[in-house]
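A structural walkthrough
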Amino acid sequence: MSASQSAVRSRAEAVQVSRAFDWMILFTLFTAVLGGYHIHYMLTGGDWDFWTDWKDRRLWVTVAPIVSITFPAAVQACLWWRYRLPVGATVSVLALLLGEWINRYMNFWGWTYFPVNFVFPSNLIPGAIVLDVVLMLGGSMTLTAVVGGMAYGLLFYPGNWPIIAPLHVPVEYNGMMFTLADLQGYHYVRTGTPEYIRMVEKGTLRTFGKDVAPVSAFFSAFVSIIIYFLWHFFGRWFSKTDFIADDAS
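Residues numbered from 1 in each chain as written. Predicted model: local features only at pLDDT ≥ 70, side-chain atom pairs only at ≥ 80, totals over all residues. Heavy atoms only, no water.

Moving on to a nonpolar patch on the surface. Together, Leu98, Ile102, Tyr105, Met106 and Trp109 line one region of the surface with nonpolar side chains, adding up to about 530 Å² of accessible area. You can call Met106 exposed: its relative accessible area is 52%. (Patch = residues over 30% accessible without salt bridge, like charges linked within 9 Å, V, L, I, M, F, W, Y side chains within 5 Å. Areas by Shrake-Rupley, 256 points an atom, 1.4 Å probe, with all protein chains shown as cover. Salt bridge = Lys/Arg side-chain N within 4 Å of Asp/Glu carboxyl O. Buried < 20%, exposed > 50% of the residue type's maximum accessible area, 1.4 Å probe, protein only.)

In the numbering adopted here, UniProt assigns the feature "transmembrane region" (unreviewed entry) to residues 20–39, 59–80, 87–104, 124–157 and 212–234. The span residues 124–157 carries 91% helix and 0% strand; its end-to-end C-alpha distance comes to 10 Å. (UniProt positions renumbered as here; feature names shortened; annotations may be inferred. Helix = DSSP H or I, 4+ residues; strand = E, 2+ residues; numbered from the N terminus.)

This part takes up the layout of surface pockets. In this structure, the largest pocket encloses a volume near 690 Å³. Considering the residues around the largest pocket, the lining is formed by 20 residues, among which Leu29, Val33, Val75, Cys78 and Leu79 are closest to the centre. The element that contributes the greatest number of residues to the lining of the largest pocket is helix 4 (residues 70–83), accounting for 7 residues. Across the lining of the largest pocket, the residue classes break down as 16 nonpolar, 3 polar and 1 charged. (1 Å grid on protein atoms, 1.4 Å probe; cavity = no way out; pocket = protein on both sides within 12 Å on 5 of 7 lines; lining within 4 Å. Points joined across faces, edges and corners; volume = space filled by probe spheres on them. Nonpolar A, V, L, I, M, F, W, Y, C, P; charged D, E, K, R; others polar.)

Right, let's get into the packing of helix 4 against helix 7 (residues 125–138). Close contact between helix 4 and helix 7 brings their axes to 11 Å; oriented N to C, the two are set at 30 degrees. The orientation of helix 4 relative to helix 7 falls into the category roughly parallel. Handedness of the crossing formed by helix 4 with helix 7: right-handed. From helix 4, Pro72, Gln76 and Trp80 reach across to helix 7, where they touch Leu131, Asp132 and Leu135. For the contact of helix 4 with helix 7, the class distribution of residues is 4 nonpolar, 1 polar and 1 charged. (Axes fitted to C-alpha atoms, helices over the stretch in contact; angles between N-to-C directions. Parallel < 35°, antiparallel > 145°, perpendicular 65-115°, else oblique. Left-handed = near helix turned anticlockwise from the far one by under 90°. Contact = heavy atoms within 4.5 Å.)

With 39 residues, the main nonpolar core has Tyr37, Trp51, Trp60, Leu124 and Tyr228 as its most contacted residues. The biggest single contributor to this core is helix 3 (residues 59–68), with 6 residues. (Core = buried A, V, L, I, M, F, W, Y, C linked by side-chain atoms within 4.5 Å.)

Further remarks concern unusual backbone geometry. Across the chain, the bulk of peptide bonds are trans and the bulk of non-glycine residues have phi less than zero. The phi torsion at Tyr113 lies on the positive side, around 65 degrees, for a residue other than glycine. Summarising the element assignment, Tyr113 is placed in the loop between helix 5 (88–109) and helix 6 (116–119). Look at Tyr113 and you get exposed, because its relative accessible area is 65%. Positive phi outside glycine occurs at Asn174, with the angle close to 55 degrees. Position of Asn174 among the secondary structure elements: in the loop between strand 1 (170–173) and strand 2 (176–179). Take Asn174: its relative accessible area is 67%, and that puts it in the exposed class.

Here the focus is the environment of Lys240. Structurally, Lys240 is set in the segment after helix 11 (213–238). By relative accessible area, Lys240 is classed as partly exposed at 44%. Separated by 158 residues in the primary sequence, Lys240 and Arg82 place their C-alpha atoms 8.1 Å from one another.

Below, the structure is given as structure tokens:
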């Protein structure tokens, strides 16, 4: 083998090793986002995303978008400021949903025998896509925070309504009227604390009429803008690079 052929072969092997190393880094980062986002969402969203009888028109619509826009904002800032890639929100949400489905299927169904249609995770993909599209078209993080953050909160309930609607059908059971989701909550007992035996639909906001979901969605949209700004700066801080000058040289 000539020297030129040996050099070409060595370069090809080096490129192959480099590509394999890149894929290892991407897999590690994706897993890190999956784990961190999953823990954050479970600690802050918690039961509002666990059970269908807690997926109400008031607190679920308010809490879930606010606590779930955090990692999309941070990852979006990292990928945008470093690589000009407007895919951070979608990638982080897909990582979260992958971890959520593994958790719900392996633990909630495989371990504790709750049916999947009682513990399915919320759909966050429409809002994440809008966040990335606004950033891609506008190229401004401020515009993304205001327009995309508001759309993220407003699209949450419509994006989940086709999934949750069959479980909000009213039924009569032992002389009481409630939803199929509440009926599931009665049959699949979790714990004896008052938080789990109360009716989550009993609350305020009735002065706005029978439809409280739009009020909750608009409140969530405005707070999502603030949370996006805050976590965007977290992501930008983590993605910065500092250089230290060598005065001796």
